[in-house]
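# Structural characterization, general
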Amino acid sequence: GAVRLAQNTTRKITSNGHADAKGGDADNEALSKRRTDAVKGTLIELGVDPGQIVTKAFGETMPLKPNFKSDGSDNPSGRAQNRRTEIYLDF
């Protein structure tokens, strides 16, 4: 993917950062931003122009799995799946 992006600067990539529900909203947004910025940094190191990379930080707002079990207790496996970066290519 990085080679194709570097070779064709009209293409874009979107990196969406996410966090689990542990901690405060502001902390989780900052954490998800750090995740997506790490992806951006790596792509830049691989020769992709920064203008081709769109980053978005969603914090804990878009979980894949429940952060808590139905009884209100912690759901570590659900939270683990919510800590992620999603990559979308326009090609």
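Placed above this text is the structure.
None of these values were measured; they are calculated from a predicted model. (Residues numbered from 1 in each chain as written. Predicted model: local features only at pLDDT ≥ 70, side-chain atom pairs only at ≥ 80, totals over all residues. Heavy atoms only, no water.)

### Comments concerning the overall build of the chain
- The helix and strand inventory of the chain stands at 3 helices and 3 strands.
- Mapped in sequence order, the helices and strands of the chain form the string α-β-α-β-α-β.
- C-alpha extents for the chain along the principal axes are approximately 50 × 25 × 15 Å.
- Here the chain, with 91 residues, has 29% of them falling under the buried criterion.
- Sequence separation of 24 or more characterises 66% of the internal contacts of the chain that already satisfy a separation of 6 or more. (Helix = DSSP H or I, 4+ residues; strand = E, 2+ residues; numbered from the N terminus. Buried < 20%, exposed > 50% of the residue type's maximum accessible area, 1.4 Å probe, protein only. Contact = heavy atoms within 4.5 Å.)

### Examining the nonpolar core
- Formed by Ala2, Leu5, Ile13, Leu43, Val48 and Ile53, the largest nonpolar core amounts to 6 residues.
- Excluding anything up to four places from it in sequence, Ile13 contacts Leu5, Leu43, Gln52, Ile53, Val54, Ile87, Tyr88 and Leu89. (Core = buried A, V, L, I, M, F, W, Y, C linked by side-chain atoms within 4.5 Å.)

### Quick look at the sheet that holds strand β3 (residues 84–89)
- Read from one edge of the open sheet, 3 strands run β2-β1-β3, paired in mixed fashion. Looking along the sheet, the strands with just one partner apiece sit at the ends: β2 (53–57) and β3. Geometrically, the sheet is characterised by an average inter-axis angle of 15° between neighbouring strands, direction not taken into account.
- In terms of strand pairing, strand β1 (residues 13–18) meets β2 through 5 bridges, oriented parallel. Bridge pairing in β2 links Asn16 to Lys56. (Pairing = 2+ DSSP bridges. Axes fitted to C-alpha atoms, helices over the stretch in contact; angles between N-to-C directions.)

### Observations concerning a nonpolar patch on the surface
- Together, Ile87, Leu89 and Phe91 make up a nonpolar patch on the protein surface, roughly 250 Å² of accessible area in all.
- One can find Phe91 in the segment after β3. (Patch = residues over 30% accessible without salt bridge, like charges linked within 9 Å, V, L, I, M, F, W, Y side chains within 5 Å. Areas by Shrake-Rupley, 256 points an atom, 1.4 Å probe, with all protein chains shown as cover. Salt bridge = Lys/Arg side-chain N within 4 Å of Asp/Glu carboxyl O.)

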